[in-house]
Amino acid sequence: MITKNFSGALQLTDLDDFIGPSQQCIIPMQTNIADNSDDGLIKLRTKKSDKTEAESTPKVAKITLNDCLACSGCITSAESILIDQQDYREAQRTIKLDPNKKQIVLSISPQSLSSLAVRYKLDGLTCARRVTSFLKTKLGIDHVYDVAYARNSALIEIKNEFLQRFQNNRQNLPLLTSECPGWICYAEKTQGEYIIPYISRVKSPQQILGSLVKNNPNENIYHISVQPCYDKKLEASRQDFYNEQRQQYDIDCVISTGEFEKWLVEEQFDPECSSELDYDKPYTMKDENDQMILTHRGSGSGGYLDYVFRSAAKDLFHIDMDDKSLEFKVTRNQDFRETVLTVDGQVQLRFAYAYGFRNIQNIVQKLKRNKCEYDFVEIMACPSGCVNGGGQIRSTDVTLDDVRRTYESLPHLDHPLDLRIDEENSIPLYTNYRAIEKSSSNGFSLKW
Amino acid sequence: MLAELIELQEFEASEDRIWCVAWNPTGTLLASCGSDKVIKLWGREDVNDLNLAKISSLYSGERNWVCKSTITDGHTRSIRSVAWSFCGNRLASAGFDAKVSVWERDGQDFVLQTTLEGHENEVKDVAFSRSGLYLATCGRDKSVWIWEYNEEENDFACAAVLTTHTQDVKHLKWHPQKDVRHSILFRFSSPVMQVLASCSYDDTIKMFVEDNDDWTCASSLESHKSTVWSCDFDVTGKRLVSCSDDKTVKIWHAYEKNNREGIRSPSGVYPVWKCVCTISGYHTQAIYDVKWCSLTGLIATASGDNAIRIFREEERQQMDAPPSFSLVASNTHAHLQDVNRISFNPKEAGLLASCSDDGTIKLWRIEQRPS
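Residues numbered from 1 in each chain as written. Chains lettered and ligands numbered in written order. Predicted model: local features only at pLDDT ≥ 70, side-chain atom pairs only at ≥ 80, totals over all residues. Heavy atoms only, no water.

- Per an unreviewed UniProt entry, chain B goes by the name Probable cytosolic iron-sulfur protein assembly protein CIAO1 homolog and belongs to Adineta ricciae.
- Per its UniProt entry, chain B bears the Sequence similarities (unreviewed entry) comment "Belongs to the WD repeat CIA1 family." (UniProt positions renumbered as here; feature names shortened; annotations may be inferred.)

- Chain A is annotated in an unreviewed UniProt entry as Iron hydrogenase large subunit C-terminal domain-containing protein from Adineta ricciae.
- Its UniProt record, at the heading Sequence similarities (unreviewed entry), says of chain A: "Belongs to the NARF family."

### Details of the overall build of chain A
- For chain A, the count of helices and strands is 14 helices and 15 strands.
- Counting over 448 residues, chain A shows a buried share of 58%.
- Of the roughly 19,300 Å² of accessible surface on chain A, a fraction of 47% belongs to carbon and sulfur atoms. (Helix = DSSP H or I, 4+ residues; strand = E, 2+ residues; numbered from the N terminus. Buried < 20%, exposed > 50% of the residue type's maximum accessible area, 1.4 Å probe, protein only. Areas by Shrake-Rupley, 256 points an atom, 1.4 Å probe, with all protein chains shown as cover.)

### A short note on the nonpolar core
- Counting 87 residues, the largest nonpolar core has Phe162(A), Leu176(A), Trp183(A) and Leu135(B) as the members making the most contacts within it.
- The greatest single-element share of this core, amounting to eleven residues, is contributed by helix H7 (residues 147-167) of chain A.
- Core analysis: the second largest hydrophobic core is formed by 39 residues, Ala91(A), Ala117(A), Leu125(A) and Val403(A) among them. (Core = buried A, V, L, I, M, F, W, Y, C linked by side-chain atoms within 4.5 Å.)

### Overview of the pattern of salt bridges
- Counting across every chain of the model gives 50 salt bridges over all chains.
- Across the pair Glu373(A) and Lys366(A) runs a salt bridge, and its minimum N-O distance is 3.4 Å.
- Between Glu313(B) and Arg239(B) there is a salt bridge; the shortest N-O distance is 2.7 Å. One end of the pair, Glu313(B), is in strand S24 (residues 308-313); the other, Arg239(B), is in strand S19 (residues 239-244), and 74 residues separate them in sequence.
- You can call Glu313(B) partly exposed: its relative accessible area is 24%.
- Several salt bridges share partner residues, and in doing so they unite Arg129(A), Arg130(A), Glu276(A), Asp278(A), Lys286(A) and Asp290(A) into one network. (Salt bridge = Lys/Arg side-chain N within 4 Å of Asp/Glu carboxyl O.)

### A short note on the side chain of Ser112(A)
All names here are of chain A.
- Turning to its location among the elements, serine 112 is positioned in helix H5 (residues 110-119).
- By relative accessible area, serine 112 is classed as buried at 0%.
- Here the side chain of serine 112 touches valine 226 through a polar contact of 3.5 Å, landing on its backbone oxygen.
- The contacts of serine 112, once residues within four sequence positions are left out, are Val226, Gln227, Pro228, Thr257 and Gln392. (Polar contact = N/O pair within 3.5 Å; in protein donor to acceptor, adjacent residues only side chain to side chain. Contact = heavy atoms within 4.5 Å.)

### Some points on the packing of aromatic side chains
Residue and element names in this part refer to chain A.
- Enumeration according to the criterion identifies 31 aromatic pairs over all chains in this entry.
- Relative to tyrosine 283, the ring of tyrosine 145 has its centre 4.8 Å away and its plane inclined at 85 degrees; by these criteria the two rings are edge-to-face. With tyrosine 145 in strand S2 (residues 143-146) and tyrosine 283 in the loop between helix H11 (257-266) and strand S8 (285-286), the pair connects residues that are 138 residues apart, well separated along the chain.
- Given the relative accessible area of 7%, tyrosine 145 is considered buried.
- Aromatic pair tyrosine 353 and tyrosine 355: ring centres 5.6 Å apart, planes at 50 degrees, arrangement tilted. For the pair formed by tyrosine 353 and tyrosine 355, the shared burial category is buried.
- Among the aromatic residues, ring-to-ring pairing joins Phe162, Phe166, Phe309, Phe317, Phe351 and Phe376 into one connected group. (Phe/Tyr/Trp six-rings, centres within 6.5 Å; stacked < 30°, edge-to-face > 60°.)

### Details of the sheet that holds strand S23 (residues 299-303) of chain B
Residues and elements named next belong to chain B.
- The strand order across the open sheet built from four strands is S22-S23-S24-S25, with neighbouring strands paired in antiparallel fashion. The open sheet is flanked by strand S22 (287-292) and strand S25 (325-331), the only strands paired with a single partner. Neighbouring strand axes in the sheet, compared pairwise and without regard to direction, differ in orientation by 20 degrees on average.
- Sheet topology places S22 next to S23; five bridges connect them, and they run antiparallel. Counterpart to aspartate 289 in the pairing with S23 is alanine 302. (Pairing = 2+ DSSP bridges. Axes fitted to C-alpha atoms, helices over the stretch in contact; angles between N-to-C directions.)

### Here we look at empty space enclosed by the protein
Residue and element names in this part refer to chain A.
- Evaluation of the coordinates by the stated rule reveals eight cavities of 30 Å³ or more.
- A volume near 210 Å³ is recorded for the largest cavity.
- The wall of the largest cavity is formed by 24 residues, among which Glu179, Gln227, Pro228, Lys232 and Cys386 lie closest to the centre.
- If you list the elements that add at least two residues to the lining of the largest cavity, you get H5, H7 and helix H9 (205-213).
- No other element matches H7, which puts three residues into the lining of the largest cavity. (1 Å grid on protein atoms, 1.4 Å probe; cavity = no way out; pocket = protein on both sides within 12 Å on 5 of 7 lines; lining within 4 Å. Points joined across faces, edges and corners; volume = space filled by probe spheres on them.)

### Focus: the domain arrangement of chain A
Residues and elements named next belong to chain A.
- Splitting chain A by domain gives domain 1 (67-151 + 204-267) and domain 2 (153-202 + 298-413).
- Each of domain 1 and domain 2 has a C-alpha centre, and the two are 25 Å apart.
- Taken together, the contact between domain 1 and domain 2 spans 36 residues of the former and 33 residues of the latter.
- Carbon and sulfur atoms make up 61% of the surface buried where domain 1 meets domain 2, a total of about 2,700 Å² over both sides.
- Our count for the domain 1 to domain 2 interface comes out at three salt bridges.
- Residue lysine 232 is joined to glutamate 179 by a salt bridge in which the shortest nitrogen-to-oxygen separation is 3.1 Å.
- Mapped onto the side of domain 1 that touches domain 2, the elements with two or more residues apiece are helix H2 (65-70), H5, helix H6 (124-137), H7, H9, helix H10 (231-236) and H11.
- Element by element, the count of residues in the side of domain 1 that touches domain 2 is highest for H5, at ten residues.
- Looking at the side of domain 1 that touches domain 2 residue by residue, the classes come out as 19 nonpolar, nine polar and eight charged. (Domains from an automatic or database assignment. Buried area = accessible area lost by both parts, 1.4 Å probe. Nonpolar A, V, L, I, M, F, W, Y, C, P; charged D, E, K, R; others polar.)

Structure, rendered in structure tokens:
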């Protein structure tokens, strides 16, 4: 089976629940039409001849991730074109060629950390500390940060967003999470206007951290983000996250866990080497004993449902769920589970996890038919969510169960930290989505 | 020739191409669809409505099929395919408008029950599983979708999106073995494995099975040199016939695990399908459809060379000799243009329907002569 890299709405080498690039990329074709002083005739072929007859090969056009985001041609794109734009070798080059001018920052997501820890047979904390030490002492990376730090803000904002909508006559509920760029890409490209009002406008932790790190205009920073997901490359390339003043994106390079591991192997990282360092302040979380905390309570996809559900129970219905674990009912399959808050026999809140493309479909269809009974849905394109992201290490000795267990055993916070980003240094925590119109040129490449 | 293909009746069904014809399970209604975005249902004219003279003329030639009803409001572009549920009370249609419509019988009429959206673009085929629990769809977006019926909601929900094919998926066929509705008891024991076959522009046929609460590709049948347009199981489900743009028809045999022949299955669990016979040299153009009659064992093909051909399996002299098929009847001018689909009546042995780019539907009777 061909290994497709982007999740789109994901793919794993061993699972079929994935949308691959759906057709040939149409951007080069459009370029061809524009550049070519052709006679403008459409070339006809016989109705069922699948093979196109002697069509002139379009000129190869350079396609950026941004072009892909703006195109409705396919859901995710020809990864071969895209990967070379955000490749770990690109990061390597930047570090080696430019050792003094730029501050090199690398931030690690907790899901990537869990995958690496399983690979190196370490616990999460030790793995984080050894990798950090190696990056800083051997690779000349200036700062290593924790993506989960920025998740504190994402969690609090999405809770605020939910409470606001709920109290505003349940307007635009269900609130659909926006952390997953595969899902966002799918929603914008194929679902159009009706779905967008439901999607949380809170930026993902990657992009919040990106804004925080580059908040100081006097520093020249190159920011690498290690993620369990190839689609995060697409997210980082959104025009919304381009800083006009700096002429730079907030995140310069996203590399998948698998790519990061390849890089570490090339640089001869030794997991046995006992040199250890914590993630750098200020973008790391610590407990009272100065021990690192690496994640939040709840799902391996960020714990959005968990935190918003508990907060809503408390703030809206004065029910303290803090010591209870949430009970889930499996609906259609393991990746579609729901939990309810019942007050005096009445269901007041209905929240769901919908992971994987098939379950995204079911949520989207329910919404379209006005039959969606949920108030909040944690949506992820990958089956089993981000711990099983398309960019995680694929190897027989790194199983999903182990990665999930490692993630669950990371030191975690029950409540996100209220970061109180002060006015002066405030960064935007919200973003926007837009429906991408179906390109009419699709019609020309029909194959029956 | 050992049989004769007799034209019974011709309908000028449309100004446009007719893509598909399908008999209902009792063989009393024939559904058709095509580029005119219309679904038509054809049935025998009621005897009560006829005068005696007409009756006698009709009975001599069996030319008593008429259009009984027309469904016009389902799709905004060509309807590529229609399929019946095995209970006969549902009809599904696949449209180039990326939609799948499911129609429910309401007296003599069919009314829209639900529209399934999810395919990115042209939907090419649709098929109900034996129990009606599952509906499979496929299309140009290279994917095969499996929808599960939910009785409470009287609607279908997406159970799987399978992207194993690397190109346009043309045709779907469920294994004839009866599937069992899920109950708590059967949920984990799963007594009968569901199998779905799909044919593609990537030149392969793939078999999908239900596995835990997901679906996976259990085998890929690779031998055709070009687009596989269609396939059909024999009545036992142990063999499959396929047809292709490469102008051949192939017969495949399923070797279960621990088979006598000692053929190993790569997965160790699922049967392995091997091509045991290739029928070539008869068709001069792409073969768009093939059907294996469950009543007579005959194989019929529909081709881009305007012909319908009927093949019969020859009796084997030795038990383990490979199967062979001979052409027993054909009409090389069956239609004026490409023959797109054929369908054996499931109750009346030898009754066959065909449809074509020429806008007509024809009914045929195959008369076999004793050899």
